[in-house]
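Working through the structure, step by step
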Amino acid sequence: MDIFLATLPQLIVLGISLGAIYALIALGFVVIYSVSNVINLAQGEFLMIGALVFVAVVDAATKTTGAGLAVLVGLLVAIIVTGGVGALSYALAFRPAIERRASVQTLIIISMGVSIVLRAFGNLVWGVDPTSTPAFLPGRTLREAGMTNVIGDSLRLGGVALQTQSIWIIFALIVTVTGLFVFFNRTMTGRALRACAMNPDSARLMGVPLSKMSLIAFALSAAIAALAGAIIAPMQPVLYTMGLGLGLRGFVSAIMGGIANPVGAIWGGLLLGIIEAVVGGLPQMDLPGLGKVNPASLREAIAFVILLAVLIIRRLRGANGLGGKRFGL
Amino acid sequence: MRFRSFLPVLAVGLILALVPLVTTSKQVLGTFIFAGIYAIAVIGLALFSGYAGQPSMGQAGFCAIGAYASAIVATKFSLSPWLGMLAAGATSGLVGWLIGSLILRLSGHYLAIGTLGFGIIVAALLKQWEWTGLSSGMRNVPRYEFVGDVLKTEAGYYYLVLVVLLVVIVLSLNLVRSRPGRALRALHESEIGAEMLGVDTATAKLRVFVLSAVLGGVAGSLYAHYVGSITPDTFEFTISVEMLVMAVIGGVSSVWGAAFGTAFIWGLSQAIKALPDLLPSAVKIPSITQFELMIFGAILILVMIFMPDGLVPTMTKRQRR
Amino acid sequence: MNTTKILSIACLLSVTLAACAQPTAAPAKPADAAKPAAPAAGAKGDPYVIGVLVDLNGPSSALGDPSKKTVELYAKKINDAGGVKGPDGKMHDIKLEVYDGESDPAKNTVGMKALVDKKVLAVVGPTSTASALAVAPIATESKISVMAVAAGIAVPSASPFMFQTAQNDANGSAALAGYFKTQNIKKIAILHDTTAFGQGGRDEWRKLRDKGDVAITYEGGFATTDTDVSSQISAADATKPDGIVVWTTVNPAAVVVKNWANLGGKTPIFFSHGIGNPTPFIKTTGSSANGARLPIGRIIVVNEVPDGHPQKSLLAQYDKDWRAAYNTDPSTFGGHAYDGFMQVVRALETAGNDTVKLKETIESGKPFVGITGVFTYVKDNHNGLPNDSLVMVEIKNEKFQLIK
């Protein structure tokens, strides 16, 4: 237990950087759901496409432009391409169904279909082997610049290691949230989107084209997923199956936060990330029926037990989810 | 139950009973057997999803509990596999009742997360259970015994699954048309409305949840004794999601829809794989192994676009027009 | 309401009919594929049909894909050279029937049945242990040999007709434990994934601990879908072991080694033989895997295998063939499929269409020099690999290098 307490600060730092990824993915769910009432289970596959495109562009561009510029070009291309994939999947798969007044469950199944097609596409184009890119800010560069507290690709801050890539993740999360805030509050399109989110019927009466707004929402949230995919590309094996696990975590975070609530999604992501990291570092325990078990092996199960306990307790107190208001950026 | 409503079940049963007589293909019989086993679980899922108005994303968890309970009874205690099936239904029903009393307090999407979490927790716990072989699972699970080795043959097992499926369909249709069934339907339309009509919605929901768990458990038992080996991965959450797809594509809240949706998904996936063999030999197409899943996903999307209510409700509506 | 029922019946009926159409078409295939034999080549027999039951999608596809590619490559080579000479004196082409099991034991079960329908003489695959166990009863019943590329310890004994062409947990841990003795490594921390492979490895290390070979300071599990394993590494580091042993496959191993490097890489790290395709692994990990050591099949370090070694010429040939066909580096996974496929082909020469005789020929105890190792299958040993089929390598400068 002493060992566990000694590593606790490290675990919490890890949890926050994990949680920031989940939050970023969760935001994609929120944007789509708010505008078009679709729970898009293909969000993880948008991320996968974004990450694979990013790696491909970085690989191709590094030789000609150098690493720094390659990352920028890669980000740009990944976001644009994936945004296009998002818009395309709305136009081809979701819009026709919504026009035929498909139910929420039908739309979930369509998103399953989209994710099956995208996964198969990823397999076909990029194969079954994993790939990755170097960190945006490699530890080597920092060491050459004279920083002494750098190990691998992570900074040492008072005994706690923080990956340089985690800083980018948190930065991306802040930029995305700020960007969404500005977009939804300061631009005409954004305000129209918000109107759809708050009251689709009156938005329609006011002449807001719901279909066009949904198209934008899909493109936007696919772009956010691509950003998340590109930023974790240096930390994760990038391949066609990666969307499954990450998409699931983003989905859970989004629902924990109230599915239509961006601030809730961020809290949901951080909560999930911290639970995962801390449970992973727990020492071996005696569990009834299972004998001596390392809780790390049960990380997914324990994370869900905690999440469900939180939900049920809050429900008993009369609240739903983590609280906060519907799409109130 | 009136005889008239029995008729279609009888007719479907008779037609399906012919299958082993007209084909000896192991692939076809195997596909039907798996589709039948899945259909039992999917009917359970549809009863709950259809009447609670919320997708269940954890049905495979109940299948896992049933499969393990049945396999434990048959291998660890060397008792009759039939007792295993009984234990499967009872155990998953009990777990369904316990879990249901907890998570049915949640509503809306939180309930979906509740069922999803349940499925993931079950699979994760089974992976850590030494007694049942951790992630390697259990093997040498024997077949049910009936008049010698009848159920050890493919056709014999086919008829067993068919009989269980038909019984499940009859019972489910009965439930749907009964007073509690109508109460459940009211629940789907409007929970508050149902409550105002004097329906105890909480109890009604819990009952149908337990029923869907029992059906999942029975399906799990049939799976375990058919395949002969089970692992926790066999019942992962992706299987739960697959079952949800089967229920919705057939037409959620319809017993026939669940059965037909399951047959459709299994049949489609196998038909795509057999496509090069199915085409006349004059039409030569290159290997499509790489495109199978893409075709499958695309057809799934198209069906849902053009039949948003699912196959069975849409077709019956067209017929009526 | 009546129309509902009638339509449902019609639907079910149509599915029934559609499905029933399959068997009539399937058996017709081999016959019409048996094109009139080229008169110049003399009498050519009907093709030998071999099933390829592999996972091309889902978590096991990293293993299934090179298996399929290898079998396709060598079937083509054999056919280009005129085919296999059967016991009837005629030349027979090899015809492959590929079925994608999609990493699902139920689909693999149906796939095995589909292959039996197509009258295959033997099957290469399945890819995962769960699927291998699921198809075992069908292998026994239909008397068709199954050359499983899965690594689970239960695989070789699952059916009299099932063979294993991959090193299992016991092979891998024995090789690593032998190396630890030479390096004076006594206290280890174990990180394993929660699959059958990972847990099997942990259990083997527990056995070695009980024998007194090593002490275990920490045991921690992780799921193959985990995005980060730093917590477990921190916890393992804190128990001050001489080395961290990680029992998992390629993708999770990449996550672990990156986390390990970012936490400072303080404790030496060792992996299982599950990292069978080094090039994607190195592409994923970059320099962070430098210093890691693991036991691996010789195909990975083919250029460093001494010339006198019995496998040397075959390894060099496979390496060349694979590179020429697919323009990537070969993996041990493809090697497992090669060993299964070529042992079947060799047995076909004496057994022909007789599947029982085929099985008996494979397990007749005649050594087979393969990519994985030198196999000697006998009736009671369907793994057939000696412990020296693995060599120790260290990752240096982003390359797998033989430790001499």
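Below, the structure is looked at part by part. (Residues numbered from 1 in each chain as written. Chains lettered and ligands numbered in written order. Predicted model: local features only at pLDDT ≥ 70, side-chain atom pairs only at ≥ 80, totals over all residues. Heavy atoms only, no water.)

1. Details of the overall build of chain C
Going by this rule: Here a strand is any run of E in DSSP of at least two residues, a helix any run of H or I of at least four, and the numbering for each starts at the N terminus. We call a residue buried when its accessible area falls under 20% of the maximum for its residue type, exposed when it is over 50%, and partly exposed in between, using a 1.4 Å probe and counting protein chains only. Residues count as neighbours in contact if any of their non-hydrogen atoms are within 4.5 Å of one another. Reported accessibility uses the Shrake-Rupley method at a 1.4 Å probe radius. Residues are deemed covered only where the shown protein chains occlude them.
Helix and strand counts for chain C come out as 13 helices and 16 strands. Across the 404 residues in chain C, those meeting the buried criterion constitute 64%. In chain C, of all internal contacts separated by at least 6 residues, the share reaching a separation of at least 24 is 67%. Total accessible area computed for chain C in this model is approximately 13,800 Å², and 55% of it derives from carbon and sulfur atoms.

2. Details of the packing of aromatic side chains
Quick note on the threshold: For this analysis, a ring pair means two rings from Phe, Tyr or Trp (six-membered ring only for Trp) whose centres lie within 6.5 Å, classed as stacked if their planes differ by under 30 degrees, edge-to-face if by over 60, and tilted for the remaining angles. Lysine NZ or arginine CZ positioned within 6 Å of the ring centre and within 35 degrees of the ring normal marks a charge as sitting over the ring.
In this structure the tally under the stated criterion is 37 aromatic pairs over all chains. Ring plane angle 35° and centroid distance 6.3 Å describe the contact between C:Tyr318 and C:Trp322, whose orientation is recorded as tilted. With a gap of 4 residues between them, C:Tyr318 and C:Trp322 both fall in helix H11 (residues 312–326), about one helical turn apart. Just as C:Tyr318 is buried, C:Trp322 falls in that class too. Judged by centre distance (4.7 Å) and plane angle (55°), the ring pair of C:Trp322 and C:Tyr326 falls under tilted. Of this pair, C:Trp322 and C:Tyr326 both sit in helix H11, separated by 4 residues, roughly a single helical turn. A residue is classified by how much of its surface remains accessible, and C:Trp322, at 5% relative accessible area, is buried. Among the aromatic residues, ring-to-ring pairing joins B:Phe34, B:Tyr38, B:Trp82, B:Tyr144, B:Tyr157, B:Tyr223, B:Tyr226, B:Phe235 and B:Trp266 into one connected group. We note C:Lys69 situated over the ring of C:Tyr326; from NZ or CZ to the ring centre the distance is 5.5 Å.

3. Focus: the sheet that holds strand E5 (residues 122–124) of chain C
Residues and elements named next belong to chain C. Rules: Being paired, for any two strands, means DSSP has found at least two bridges between them. Every axis in this analysis is a line fitted to C-alpha atoms, fitted for helices over the stretch in contact. Angles between the N-to-C directions lie between 0 and 180 degrees.
Spatial ordering of the open sheet is given by E4-E1-E5-E6-E7, a layout of 5 strands whose pairing is parallel. On the outer flanks of this sheet lie strand E4 (94–100) and strand E7 (162–164), each paired with one strand and no other. If you compare each strand with its neighbour and ignore which way they point, the axes differ by 25° on average. Alignment of strand E6 (residues 145–148) against E7, held across 3 bridges, turns out to be parallel. Paired with Val146 across the bridge in E7 is Met162. With respect to the sheet, helix H5 (residues 129–142) is in contact with strand E1 (48–54), E6 and E7, its orientation differing from that of E7 by roughly 145°.

4. Some details on the interface of chain B and chain A
The test is simple: Buried area counts how much accessible surface, traced with a 1.4 Å probe, disappears from two parts once they are put together, with both parts' losses summed. Just to be clear on terms, a salt bridge is a Lys or Arg side-chain nitrogen sitting within 4 Å of an Asp or Glu carboxyl oxygen. In protein, a polar contact requires one atom able to donate a hydrogen and another able to accept it; more generally it is a pair of N or O atoms within 3.5 Å, and residues adjacent in sequence count only if both atoms are side-chain atoms. Classification convention: Asp, Glu, Lys, Arg as charged; Ala, Val, Leu, Ile, Met, Phe, Trp, Tyr, Cys, Pro as nonpolar; all other residues, Gly among them, as polar.
Tallying the contact residues gives 42 residues for chain B and 46 residues for chain A. Across the chain B to chain A interface the summed buried area is about 3,900 Å²; carbon plus sulfur atoms make up 81%. Inspection of the region where chain B meets chain A yields 0 salt bridges. At the surface where chain B touches chain A, the tally comes to 4 residue pairs in polar contact (both at pLDDT 80 or more). Looking at the side of chain B that touches chain A, the elements with two or more residues in it are helix H4 (81–103), helix H5 (109–127), helix H10 (237–250) and helix H13 (292–306) of chain B. Each residue belonging to the side of chain B that touches chain A can be placed in one class, and the counts come to 30 nonpolar, 11 polar and 1 charged.

5. What about the nonpolar core?
Short version of the rule: Residues grouped as a nonpolar core are buried Ala, Val, Leu, Ile, Met, Phe, Trp, Tyr and Cys residues, joined through side-chain atoms within 4.5 Å.
Core analysis: the largest hydrophobic core is formed by 244 residues, its most contacted members being A:Phe54, A:Ile110, B:Ile43, B:Leu116, B:Leu222 and C:Met112. If we ignore the near neighbours within four places in the chain, the residues touching A:Ile110 are A:Ala93, A:Phe94, A:Ala97, B:Ile301, B:Met304 and B:Ile305. Formed by 78 residues, the second largest nonpolar core is a distinct cluster that contains C:Ile50, C:Phe271, C:Ala292 and C:Phe368.

6. Quick word on unusual backbone geometry
Residue and element names in this part refer to chain C. In this model, Gly125 is joined to Pro126 through a cis peptide bond whose omega is -10°. Residue position: Pro126 is located in the loop between E5 and H5. Even without a glycine there, the phi angle at Glu398 is positive, about 60°.

7. Focus on helix H9 (residues 250–262) of chain C
Residue and element names in this part refer to chain C. Heads up, the condition is: Expected helix span is given by 1.5 Å per residue-to-residue step, counting one fewer step than there are residues.
The first and last C-alpha atoms of H9 sit 18 Å apart over 13 residues, in line with the 18 Å expected at 1.5 Å per residue. Within H9, 13 of the 13 residues are buried, which leaves it mostly tucked inside the rest of the structure. Following H9 by one or two positions, Gly264 adopts a phi angle in the positive range, close to 110°.

8. Some points on the pairing of strand E10 (residues 243–247) of chain C
All names here are of chain C. Applicable threshold: Convention used here: a crossover is right-handed provided that the path from the first strand, over the helix, to the second strand proceeds clockwise when the strands point away from the viewer.
Within E10, 5 of the 5 residues are buried, which leaves the element mostly enclosed by the surrounding structure. Burial of E10 is two-sided: the residues Gly243, Val245 and Trp247 facing one way and the residues Ile244 and Val246 facing the other way are all buried. Pairing of strand E8 (residues 187–193) with E10, which is carried by 5 bridges, proceeds in the parallel orientation. Looking across to E10, one finds that Ile188 is bridged to Gly243. Here E10 pairs with strand E11 (residues 269–271) via 3 bridges, running parallel. Among the inter-strand pairings, Val245 is bridged to a residue of E11, identified as Phe270. This β-α-β element, E10 to H9 to E11, shows right-handed connectivity.

9. Brief notes about the packing of helix H2 (residues 43–65) of chain A against helix H10 (residues 242–256) of chain A
Residues and elements named next belong to chain A. Which entries qualify depends on this criterion: Reported orientations rely on four angle classes, namely roughly parallel under 35 degrees, roughly antiparallel over 145, roughly perpendicular from 65 to 115, and oblique for the rest. We call a crossing left-handed when the near helix sits turned anticlockwise from the far one by less than a right angle, and right-handed when that turn is clockwise.
Two numbers describe how H2 lies on H10: the axes approach to 7 Å, and their chain directions differ by 130°. In terms of axis orientation, H2 runs oblique to H10. For the pair H2 and H10, the crossing hand works out as right-handed. Only Met242, Gly243, Leu244, Leu246 and Gly247 of H10 make contact with H2, whose side of the interface consists of Gly44, Glu45, Leu47, Met48 and Ala51.

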